[in-house]
Amino acid sequence: MTDTADLRPDRMLSVREVFGIDSDLRVPAFSPSKAFDDHVPEVDAVYRFNPDVTLAILAGFMRDRRVMVQGLHGTGKSTHIEQVAARLNWPCVRLNLDGHISRLDLVGKDAVVLREGKQVTEFQEGIVPWALQRPVALIFDEYDAGRPDVMFVIQRILERDGKFTLMDQNRVLRPHPFFRLFATANTVGLGNLNGLYHGAQRLNHAQIDRWNIVASLDYLPAAEEIAIVQARVPSLADEAGTKLVAAMVAVADLTRKGFAAGDLSTLMSPRTVITWAENVEIFKDPALAFRLSFVNKCDDAERPLVAEYFQRCFDREQKESHQLSSDARE
């Protein structure tokens, strides 16, 4: 990516025209530029925007709000931010805060490089100071999985005009006027309460309090989820395919309700439904594809219940259903 520190948004887009949301808001955007090719996400033409979450993300771009998007896995939290950035032609960098991300990765470190044929030691900026000085939307993915020492590095830039100090360089960095900061999380910093998100940490409440906007992203309505699955698997876009996908989405909805009621320890995300549909293309059998896509991921004790969900929606038995019947007789 070439140096873009001097670039600014040069046009205003209508939220109603671009995102189909009933709003008079206009949001700054960049004109297409080769300088951004490597960092602007590709537009997904079939992506479905949640109106409330979209407006929250747009507020981040318009007014420099720090926006966190919370939701269960597979709801499309990170993709939602990226697709907003794609339509604004806004450079976007996504960083997954896994356990191997260290303070040095974020801040920077001394490294040995070749200069005019000689080895010299010089400071190489980490992702935070690099993004902070440019018109970049920085996304901290899996925010609640970050290590405590790493999270306190991030806390420095959560203030709206928060300056960032590079102690090794005796430099104080001022944020670029169009630097934007986002995060995604499964638990909003409350920890792994239900055992579903192993590795999620309890976060410092003072840090959570610094996020200006926290948006909650839930699963899509059934009709929209069906449309997305058919867009991903066009072979199921005919009348028979619509009936099949509707049954698949109905099974997924039952798993989500079972999870909410405490009957299941896992659930089907839209990502899982798409995988199931893709496997149906391969195996030509919804039952086999279902077993390979989801059932085999479930606890043995829960598989009969999952098989019952499948039987309700497809009127077909799976081998796990017989176990459920035997348990009922006993």
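Preceding this section is the structure that the text describes.
Just so we're clear, the structure is a prediction, and the values are computed from it rather than from any experiment.

### Re the sheet that holds strand 4 (residues 92-96)
If you walk across this open sheet you meet the five strands as 4-7-10-3-11, and the pairing is parallel. Sheet topology places strand 4 and strand 11 (213-216) at the edges, where each strand pairs with a single neighbour. Going from strand to strand, the sheet's axes swing by 20 degrees on average, the running direction of each strand aside. With four bridges joining them, strand 3 (residues 67-70) and strand 10 (residues 180-185) adopt parallel strand pairing. From the neighbouring strand, Val 67 faces strand 10, where its bridge partner is Phe 182. Along the sheet, helix 2 (residues 51-63) makes contact with strand 3, strand 7 (137-141), strand 10 and strand 11, crossing strand 10 at roughly 150 degrees.

### A look at the packing of aromatic side chains
Counting across every chain of the model gives 13 aromatic pairs. An angle of 85 degrees between the planes, with centres 5.1 Å apart, marks the rings of Phe 30 and Trp 90 as edge-to-face. Residue Phe 30 is found in the loop between strand 2 (26-29) and helix 2, and its partner Trp 90 is found in the loop between helix 3 (77-88) and strand 4; the two are separated by 60 residues along the sequence. The class for Trp 90 is buried, based on a relative accessible area of 0%. Pairing Phe 61 with Phe 182 gives two aromatic rings, centres 4.9 Å apart and planes at 40 degrees, and the pair type is tilted. Of the two residues, Phe 61 sits in helix 2 while Phe 182 sits in strand 10, which places them 121 residues apart along the sequence. Assigned by exposure class, Phe 61 and Phe 182 land together as buried. Within the aromatic cluster, the residues linked to one another by ring pairs are Phe 30, Phe 61, Trp 90, Phe 178 and Phe 182. Positioned above the aromatic ring of Tyr 219, the side-chain terminus of Arg 256 is 4.2 Å from the ring centre.

### Some points on a nonpolar patch on the surface
A surface patch of nonpolar side chains, amounting to about 350 Å² of accessible area, comprises Ile 282, Phe 283, Leu 288 and Leu 292. Those elements giving two or more residues to the nonpolar patch turn out to be helix 10 (270-283) and helix 11 (286-293). Looking at where Phe 283 falls in the secondary structure, it is placed in helix 10. Phe 283 gets classed as partly exposed once you look at its relative accessible area, which sits at 36%.

### Notes on unusual backbone geometry
One non-glycine residue, Lys 284, lies in positive phi territory at about 60 degrees. Take Lys 284: it is sitting in the loop between helix 10 and helix 11. Even without being glycine, Asp 315 reaches a positive phi, approximately 55 degrees. On the secondary structure map, Asp 315 appears in the loop between helix 12 (303-314) and helix 13 (319-329). The exposure class of Asp 315 is exposed, given its relative accessible area of 64%.

### Topic: the side chain of Ser 269
Positionally, Ser 269 belongs in the loop between helix 9 (239-261) and helix 10. The exposure class assigned to Ser 269 is buried, which follows from its relative accessible area of 1%. Not counting chain neighbours up to four residues away, the residues in contact with Ser 269 comprise His 73, Gly 74, Tyr 219 and Arg 256.

Thresholds applied
- Residues numbered from 1 in each chain as written.
- Predicted model: local features only at pLDDT ≥ 70, side-chain atom pairs only at ≥ 80, totals over all residues.
- Heavy atoms only, no water.
- Pairing = 2+ DSSP bridges.
- Helix = DSSP H or I, 4+ residues; strand = E, 2+ residues; numbered from the N terminus.
- Axes fitted to C-alpha atoms, helices over the stretch in contact; angles between N-to-C directions.
- Contact = heavy atoms within 4.5 Å.
- Phe/Tyr/Trp six-rings, centres within 6.5 Å; stacked < 30°, edge-to-face > 60°.
- Buried < 20%, exposed > 50% of the residue type's maximum accessible area, 1.4 Å probe, protein only.
- Lys NZ or Arg CZ within 6 Å of the ring centre and 35° of its normal.
- Patch = residues over 30% accessible without salt bridge, like charges linked within 9 Å, V, L, I, M, F, W, Y side chains within 5 Å.
- Areas by Shrake-Rupley, 256 points an atom, 1.4 Å probe, with all protein chains shown as cover.
- Salt bridge = Lys/Arg side-chain N within 4 Å of Asp/Glu carboxyl O.

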